[in-house]
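Here is what each chain is made of, one letter per residue.
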Amino acid sequence: MRLLLKNGHLVDPIGKKDGLYDILIEDDKVVKVQTRISDRVDKLIDASDCLVMPGLIDMHTHVREPGYTEKETFVTAGRAAVKGGFTTICAAPDTKPVIDTSFLVGDIRRQAENESLANVLPVGALSTGLKGKQGADLEGMAREGAVAFSDETHSLVDMYLLRQLFLRCARLGLPVFSWNEDRRLSGKGVMNAGKFSKSMGLAGIPGSAEETVQARYMLLAEECGCQLHLQHMSTRKSVLMLWLAKKQFEAVTGEVCPHHLFLTEECLMEKGAAGKVYPPLRTEEDRLALIDGLRDGIIDVIATDHSPHEAGKWTLEEAPSGFSGLETALPLVYTGLVKQGLLSASQMVEKMSSNPARILKINRGSLNPGDIADITVFDPRPEYDISTEGFASLGKNTPFEGYHVSGRVTTTLVSGRVVYRNN
Ligand SMILES: [Zn+2]
């Protein structure tokens with residue numbers, strides 16, 4: 001099968017391309033990238049006026065399966081991913097059961113291969129049951145294909161145990177994805193601690209709940225030579241600390257989520273429970289520092305923290321945390337950063353594809369001849385209001401409902417196969 005992607009604006013920072021190129025694909029691989037290709041092919045896709053990018057990679061997706069199939073499944077997460085331009089997603093381990101054994105890692109990897117349109121990379125639990133009491137079988141999970149280990153929703157308190165786990169991850173050469181929350185500092189908080197939580201009479205979560213854990217993890221990871229990836233950074237001080245840590249230690253990276261880039265704590269005044277997430281939406285000062293961190297290369301990755309939930313009417317206290325994010329991330333980032341001139345298209349691809357591939361050490365994130373043909377084609381022109389009605393994800397929970405954006409994915413290819421098309 002030979003497929004030609006014609007007249008697109010290719011943005012590939014690793015291949016050092018930012019201009020009009022044709023891409024010839026044979027079976028699952030890119031075979032030629034040139035300004036003009038006129039070979040005979042079986043299928044031609046016209047990408048005129050569109051950005052063509054190496055398929056996006058989401059380092060932080062809650063697929064919810066096994067255990068919470070009312071929220072999302074491999075089938076629906078896969079559909080949502082490719083519709084949002086993501087060809088690869090990393091599946092967080094906070095499922096039921098928790099992904100903490102080699103058997104479970106192998107099992108979900110095989111299931112995802114059969115059921116998901118996007119590639120699914122399993123992330124194993126760092127501790128058994130994600131309880132932070134006892135290390136999990138990291139070596140067995142690595143053998144079965146875990147690409148990283150996470151402490152999702154439960155940062156470790158026991159630094160001796162964390163040190164042992166970091167040493168084991170360093171030996172395996174796999175990164176730790178850290179959640180960064182001191183539960184005692186968060187307390188019963190439901191939003192950022194500050195003037196809005198005070199005026200609304202709600203318990204707040206201070207920035208220190210995130211920053212103090214991040215600091216301890218970074219110090220220990222450096223000492224152990226363990227690769228550390230900070231998930232969903234949300235405060236100005238988190239960015240400053242990452243900047244400082246990077247001067248000492250190159251194996252530390254950080255991510256930010258679209259909601260922390262485009263929303264602040266004020267959102268909860270209007271949206272209430274629909275704006276609840278951990279870490280909470282912070283202040284305007286934090287938001288601007290996160291954007292600066294991305295621009296300056298301190299923050300390496302934009303990830304979704306896709307957290308689908310079933311619909312329901314909740315108070316802020318009862319509401320589940322997090323947003324359905326796979327289908328909104330790319331138009332939000334394009335509209336809020338690239339179109340505003342805050343980030344170049346090439347930087348966007350770095351943060352959403354090539355840097356994740358480098359951190360995960362997977363052969364994705366670029367479109368040179370010989371590379372796997374995971375490709376996202378994005379038309380930046382259409383303008384519309386985000387509506388959950390058309391979501392492929394079972395999770396319709398987003399604070400971005402009605403938000404005006406530009407750009408839509410028109411075609412997504414995974415291993416040379418068209419898995420999504422929107423004309
Ligand atoms: Zn998460």
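Relevant structure appears above.
This section reports on the structure supplied with the text. (Residues numbered from 1 in each chain as written. Predicted model: local features only at pLDDT ≥ 70, side-chain atom pairs only at ≥ 80, totals over all residues. Heavy atoms only, no water.)

Now for the packing of helix α4 (residues 159-172) against helix α7 (residues 208-224). The angle between the axes and the distance between the axes are what describe a pair of packed helices. For the pair α4 and α7, interaxial distance at closest approach is 9 Å and the crossing angle is 45°. Put simply, α4 runs oblique to α7. Both α4 and α7 take part in a crossing whose hand is right-handed. Across the interface between the two elements, M159, L162, R163, F166, L167 and A170 from α4 touch R216, Y217, L220, A221, E223 and C224 from α7. Tallied by class, the residues present in the contact of α4 with α7 amount to 9 nonpolar, no polar and 3 charged. (Axes fitted to C-alpha atoms, helices over the stretch in contact; angles between N-to-C directions. Helix = DSSP H or I, 4+ residues; strand = E, 2+ residues; numbered from the N terminus. Parallel < 35°, antiparallel > 145°, perpendicular 65-115°, else oblique. Left-handed = near helix turned anticlockwise from the far one by under 90°. Contact = heavy atoms within 4.5 Å. Nonpolar A, V, L, I, M, F, W, Y, C, P; charged D, E, K, R; others polar.)

This part takes up the coordination of the zinc ion. Coordination of the zinc ion by the protein involves H60 (NE2), H62 (NE2), E152 (OE) and D305 (OD), with metal-donor separations of 2.0 to 2.5 Å. When the donor residues of the zinc ion are listed from N- to C-terminus, their spacing reads H-x1-H-x89-E-x152-D. In this pair, H62 is assigned in the loop between β6 (56-61) and α1 (74-83) and E152 in the loop between β9 (148-150) and α4, connecting sequence segments 90 residues apart. The class of H62 is buried, set by a relative accessible area of 3%. Judged by its relative accessible area of 1%, E152 is buried. (Donors = N, O, S within 2.8 Å, 3.2 Å for Na, K, Ca; no water. Buried < 20%, exposed > 50% of the residue type's maximum accessible area, 1.4 Å probe, protein only.)

To continue, consider the sheet that holds β6. Within the open sheet, the 8 strands sit side by side as β6-β7-β8-β9-β10-β13-β14-β15. Their pairing is parallel. Unpaired on one side and paired on the other, β6 and β15 (301-302) mark the two borders of the sheet. Sheet topology places strand β7 (residues 86-91) next to strand β8 (residues 119-125); 4 bridges connect them, and they run parallel. Among the inter-strand pairings, C90 is bridged to a residue of β8, identified as L121. On top of the sheet, helix α8 (residues 236-248) reaches β13 (228-230) and β14 (252-256); it is set at about 155° to β14, its chief contact. (Pairing = 2+ DSSP bridges.)

Below, the discussion takes up the packing of aromatic side chains. Throughout the structure, instances matching the rule amount to 4 aromatic pairs. Cation over ring: K17 sits above Y21, and NZ or CZ is 5.8 Å from the ring centre. Over the ring of Y384 we find R408, and its NZ or CZ is 3.9 Å from the ring centre. (Phe/Tyr/Trp six-rings, centres within 6.5 Å; stacked < 30°, edge-to-face > 60°. Lys NZ or Arg CZ within 6 Å of the ring centre and 35° of its normal.)

A separate point is the environment of L4. Positionally, L4 belongs in strand β1 (residues 2-12). Assessed through its relative accessible area of 2%, L4 is described here as buried. The spatial distance from the C-alpha of L4 to the C-alpha of R421 is 15 Å, given a sequence separation of 417 residues. Excluding anything up to four places from it in sequence, L4 contacts D22, I23, L24, I37, V41, K43, L44 and I45.

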